[in-house]
Protein chains: 2
Amino acid sequence: MSSVDEFTLIDLLNGGQQTIAFQRAGGVETGIGDDAAVVRASSDSRWILTCDTMTEDIHFKRVTMRDADIGYKAMASAVSDIAAMGGTPRYALVALSMPKSTPVEQVRAMYDGLYECANRYRVVVAGGDTTSCIGGVTLTVTVIGETEPDRALLRSAARLGDVVFITGFTGDSAAGLEWLLGKNKPSEEWDDDPELKQYPGLIQAHCRPEPQIQAGELLRRSGFCHALNDVSDGIASEAWEIAAASNIGIDLIEDRIPVSGELLEYASKQGKDPLDYMLYGGEDYQLIGTAPAEHAVELQMKFKEAGLPLYLIGYVHGEHSGVRLVRSDGGAVSLAKRGYNHFTG
Amino acid sequence: MSSVDEFTLIDLLNGGQQTIAFQRAGGVETGIGDDAAVVRASSDSRWILTCDTMTEDIHFKRVTMRDADIGYKAMASAVSDIAAMGGTPRYALVALSMPKSTPVEQVRAMYDGLYECANRYRVVVAGGDTTSCIGGVTLTVTVIGETEPDRALLRSAARLGDVVFITGFTGDSAAGLEWLLGKNKPSEEWDDDPELKQYPGLIQAHCRPEPQIQAGELLRRSGFCHALNDVSDGIASEAWEIAAASNIGIDLIEDRIPVSGELLEYASKQGKDPLDYMLYGGEDYQLIGTAPAEHAVELQMKFKEAGLPLYLIGYVHGEHSGVRLVRSDGGAVSLAKRGYNHFTG
């Protein structure tokens, strides 16, 4: 990087990635290039603020992600927090720290992935900061989303009589990560390895997770959704967060939790239970939430009309606090709260 | 950190730092603890978005800052970008990445400093992310500020006939940094070293810079201010940004640029010109800008009433592009554009 100065770098990274017209339509009045961005707020809206950091060797390694995936996933994980509130993402700020020796091509690829995700979810990248650092790459994405007053979907809103739903498969990302770590192959060489083509869905789930913005908006607009969370640390952990915040108990029914064909096949080959990945595996970014049982069918119909899946996987009750898994044989086991945690182990 | 899990850490860092009442008064409807924060927007306002990153060994070292200074300055530098737009800071998100071995006391001190600055400028810390990393501490602060429509003060707004002003001393921070680097003493031992008490103002300027929020708001409300920038890379560099963005030339008059007594003394002892620090030294966070000459006196009166300094240090003209320094003998020298740049050298 020593031949690229900061201003050139900012131009390089942002140039042509999003048109002025796109930014204007998104409410940007002053974009990248001044001290800060200036954006328009709809009157009577609420803003949703969140940020998410990915660091090298903790959240990604050269053998688990391509450069463009790093950017994509950093944006996706922050956007997912907006989905988890039922919001619509609007603006992003991107803070990238990297060693001076980072090749420009690598930075370019990270930003390409980041903008690919931003464009898909119509997020305007309104600013950021690029700095050098000693150590690995750190990428922090702040996303600002919008919702109507009193419509944000909180963890604490689950009620007795609710069913628990999920918007798709979980565990795939954790299995994909395990598979890639086992292969231990630099991502530049993935294309040359036919074995790596065995589980494209698991790799995709880990490297290019899709925040469930459309599902979140549908849940918000339906008026039926009570609590909502995105699955970043496995369904057990997320269900626990809802149970604890709402002061209720949750039973998840094993046979109802959807599982992908690839995960079934992969887990079987590893001699493991798919649930090992689904309960505490990280970063699938599906939405898990609760809705009144009497509206469950109507909600499922709305999702069907929109071409989106919605699975009913459990229910809320007051018999115990915490989360249990009801097994196929009818027995129930308590699930531990702890999922993946950056500061343990 | 291995004994502190992420949730406990979040509680530890944020607990009691800002009351619920303070957050509510600031417009927060859902604070730290859910997927994202939800905040209220005033109708018909504009939002100003910015973020700023500080990384260990690049922006700070153990010999140049105390832990609390790191947090204070990370918040201050992001808040300063809001001041540079004439805005009012409202919300912040804090992303901290640190090695697992970081002592809890050190993290606590960083957050104490960060909240000290946030509270001083009435910024609500609405969320964030704490992650571990390989390498040093990286602290990214995103700040969201507010202004009225069409009132943001941009770099590109300087006009012929404007005077150039600055809100205070510059160069002190760069001199403070140089002094601390020369001493090369871990910050825990500063109190024991009488020599370090020689230049308290320079150290304060480097470790605890004050974003000029009050001055920025006064400039915005006056209606007289055209272009505005905060001095993060020295006055030559910032004047250049205004000149280039506005497509005009700027002459700075050496004798008019204010200089602190400590910098005069320090530079003299080093056998240097104070201008060496003022022109390209970084991170003083004073505001430099332009206003129509016919309103200059009125603007100075407003500042005097508010108990704030405002120095007229130059003027805008169309004779050349770029920035010149008019010396005491009447001769003028062109100033180079380049200030401190993270990606050169």
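Note that the structure is a prediction, hence the values are computed from the model and not measured. (Residues numbered from 1 in each chain as written. Chains lettered and ligands numbered in written order. Predicted model: local features only at pLDDT ≥ 70, side-chain atom pairs only at ≥ 80, totals over all residues. Heavy atoms only, no water.)

### As for the relation of the copies chain A and chain B
Rules: The fit set for superposing copies consists of C-alpha atoms from residues with pLDDT of at least 70 in both; the fit itself is least squares. Contacts were defined at the residue level, with two residues in contact if any of their heavy atoms lie within 4.5 Å.
Superposition of chain A onto chain B requires a rotation of 180° combined with a translation of 0.0 Å along the rotation axis, giving an RMSD of 0.0 Å. Taken together, the rotation and translation relating the two chain copies correspond to the operation of a two-fold axis. A shared binding surface is used by both copies, with 99% of the interface residues of chain A retained as interface residues in chain B.

### Considerations on the pairing of strand 9 (residues 249–253) of chain A
All names here are of chain A. We count it as follows: Exposed residues in this analysis have more than 50% of their type's maximum accessible area, buried residues have under 20%, and partly exposed residues fall in between, with area computed by a 1.4 Å probe over protein chains only. Strands here mean DSSP runs of E at least two residues long; helices mean DSSP runs of H or I at least four residues long; both are numbered from the N terminus. Strands pair, by our definition, only if DSSP identifies at least two bridges between them.
With four of five residues buried, strand 9 is to be regarded as a mostly interior element. Alignment of strand 9 against strand 12 (residues 322–326), held across five bridges, turns out to be parallel. When the bridges of strand 12 are listed, Ile250 appears paired with Val323. Of the strand pairs in this sheet, strand 9 and strand 11 (residues 311–317) are connected by four bridges, and their pairing is antiparallel. Across the sheet, the residue bridging to Gly249 is His317, located in strand 11.

### Details of the domain arrangement of chain A
Residues and elements named next belong to chain A. Note the cut-off: Where each domain begins and ends is defined by an automated method or by a domain database. By buried area we mean the combined loss of accessible area, with a 1.4 Å probe, across both parts when two parts are placed together.
Parsing chain A into structural domains produces domain 1 (6–147) and domain 2 (155–335). Relative to domain 2, the C-alpha centre of domain 1 lies at a distance of 26 Å. Contacts between domain 1 and domain 2 engage 26 residues on the former and 29 residues on the latter. Of the roughly 2400 Å² buried where domain 1 meets domain 2, counting both sides, 52% is carbon and sulfur surface.

### Here's the deal with the nonpolar core
Just so we agree on the cut-off: Residues belong to a common nonpolar core when they are buried Ala, Val, Leu, Ile, Met, Phe, Trp, Tyr or Cys residues joined through side-chain atoms within 4.5 Å.
One finds Met75, Leu219, Ile250, Leu252 and Ile288 of chain B to be the most contacted residues of the largest nonpolar core, which totals 89 residues. Taken domain by domain, this core gets at least three of its residues from each of domain 1 (6–147) and domain 2 (155–335) of chain B. In contact with Ile288 of chain B, other than residues within four places in its own chain, are Val164, Phe165, Ile166, Ala227, Leu228, Asn229, Val231, Ile235, Glu238, Ala239, Ile242 and Ile313 of chain B. Ranked by size, the runner-up nonpolar core spans 88 residues in total, among them Phe60, Ala174, Ala175 and Trp240 of chain A.

### Structural notes on the sheet that holds strand 7 (residues 162–166) of chain A
Residue and element names in this part refer to chain A. Stated precisely, the cut-off is as follows: Angles run from 0 to 180 degrees between N-to-C directions of axes, and those axes are lines fitted to C-alpha atoms, restricted for helices to the stretch in contact.
Overall, mixed pairing links the seven strands, which are arranged 8-10-7-11-9-12-13 in an open sheet. Strands with a single pairing partner mark the edges of an open sheet, and in this sheet they are strand 8 (228–230) and strand 13 (332–335). The sheet shows a mean angle of 25° between the axes of neighbouring strands, direction not considered. One ladder, built from four bridges, connects strand 7 with strand 11; its direction is antiparallel. Bridging from a neighbouring strand, Phe165 pairs with Leu312 of strand 11.

### Points about the interface of chain A and chain B
Convention followed: When a carboxyl oxygen of Asp or Glu is within 4 Å of a side-chain nitrogen of Lys or Arg, the pair counts as a salt bridge. Counting of polar contacts relies on pairs of N or O atoms within 3.5 Å, with two restrictions inside protein: one atom must be capable of donating a hydrogen and the other of accepting it, and residues adjacent in sequence are counted only when both atoms are side-chain atoms.
At the junction of the two partners, chain A supplies 70 residues and chain B supplies 69 residues. Scanning the region where chain A abuts chain B turns up three salt bridges. Taking the shortest distance from any N to any O, the salt bridge between Glu29 of chain A and Arg46 of chain B comes out at 2.8 Å. Inspection of the region where chain A meets chain B yields 13 residue pairs in polar contact (both at pLDDT 80 or more). Breaking the side of chain A that touches chain B down by element, the ones donating at least two residues are helix 1 (6–14), strand 1 (28–30), strand 2 (37–40), strand 3 (46–55), strand 4 (88–98), strand 5 (124–132), strand 6 (138–147) and strand 8 of chain A. At nine residues, strand 3 of chain A tops the list of elements feeding residues into the side of chain A that touches chain B.

### Some thoughts on the UniProt feature "binding site: Mg(2+) 1" (unreviewed entry) in chain A
This is how the line gets drawn: UniProt positions are given in the numbering used here, feature names are shortened, and annotations may be inferred rather than shown by experiment.
Feature annotation in UniProt places "binding site: Mg(2+) 1" (unreviewed entry) on Asp52 and Asp129 of chain A, given in this structure's numbering. By secondary structure assignment, the location of Asp52 of chain A is in strand 3. Beyond its immediate stretch of four places on either side in the chain, Asp52 of chain A contacts Ser77, Ala78, Asp81, Leu139, Thr140 and Val141 of chain A together with Asp129 of chain B. Here Ser77 of chain A takes part through its side chain, which lies 3.2 Å from a polar atom of the side chain of Asp52 of chain A. Within the secondary structure layout, Asp129 of chain A lies in strand 5.

### Description of the confidence of the model for chain A
Reading fine detail from the predicted coordinates is not recommended where pLDDT is low. For the record, the criterion: In predicted models, pLDDT denotes the confidence assigned by the predictor to each residue on a 0 to 100 scale.
Of all residues in chain A, 93% attain a pLDDT of 70 or more, and the chain-wide mean is 90. Confidence drops under pLDDT 50 across residues 340–345 of chain A; counting only partners more than four residues distant or on other chains, this segment forms 26 contacts.

### Quick word on the packing of aromatic side chains
Two aromatic rings, taken as a pair, are described by how far apart their centres are and by the angle between their planes. Put simply, the test is: Within 6.5 Å between ring centres, the rings of Phe, Tyr and Trp (the latter by its six-membered ring) count as paired, and their orientation is classed by plane angle as stacked under 30 degrees, edge-to-face over 60, tilted in between.
This structure, assessed with the given rule, holds 11 aromatic pairs over all chains. For the pair Trp179 of chain A and Tyr199 of chain A, a centre-to-centre distance of 5.0 Å together with 85° between the ring planes defines the contact as edge-to-face. Taken together, the residues span a long stretch of sequence, with Trp179 of chain A in helix 5 (residues 172–183) and Tyr199 of chain A in the loop between helix 5 and helix 6 (200–207) at a distance of 20 residues. The exposure class assigned to Tyr199 of chain A is buried, which follows from its relative accessible area of 1%. Seen from their ring centres, Tyr266 of chain A and Tyr277 of chain A are 5.9 Å apart, and the 65° between their planes marks the pair as edge-to-face. With Tyr266 of chain A in helix 9 (residues 261–270) and Tyr277 of chain A in helix 10 (residues 274–280), this residue pair connects regions lying 11 residues apart in the sequence. Overall, the relative accessible area of 2% leaves Tyr266 of chain A in the buried class. Residue class for Tyr277 of chain A comes out buried when judged on its relative accessible area of 4%. An aromatic cluster of three or more residues is present, and its members are Trp47 and Tyr91 of chain A together with Trp47 and Tyr91 of chain B.

### Some points on the sheet that holds strand 1 (residues 28–30) of chain B
The strands that make up a sheet pair up through hydrogen bonds in the backbone, lying either parallel or antiparallel. Sheet architecture is open: six strands sit in the order 5(A)-4(A)-6(A)-3(A)-2(B)-1(B), paired in mixed fashion. Across the chains shown, the open sheet's two edge strands, defined by having one partner strand only, are strand 5 of chain A together with strand 1 of chain B. Between one strand and the next, the sheet's axes are offset by a mean angle of 20°, whatever the strand orientation. Of the strand pairs in this sheet, strand 4 of chain A and strand 5 of chain A are connected by eight bridges, and their pairing is parallel. Within strand 5 of chain A, the residue paired with Val94 of chain A across the bridge is Gly128 of chain A. Against the sheet, helix 4 (residues 104–120) of chain A engages strand 4, strand 5 and strand 6 of chain A, with an angle of about 170° to strand 4 of chain A.

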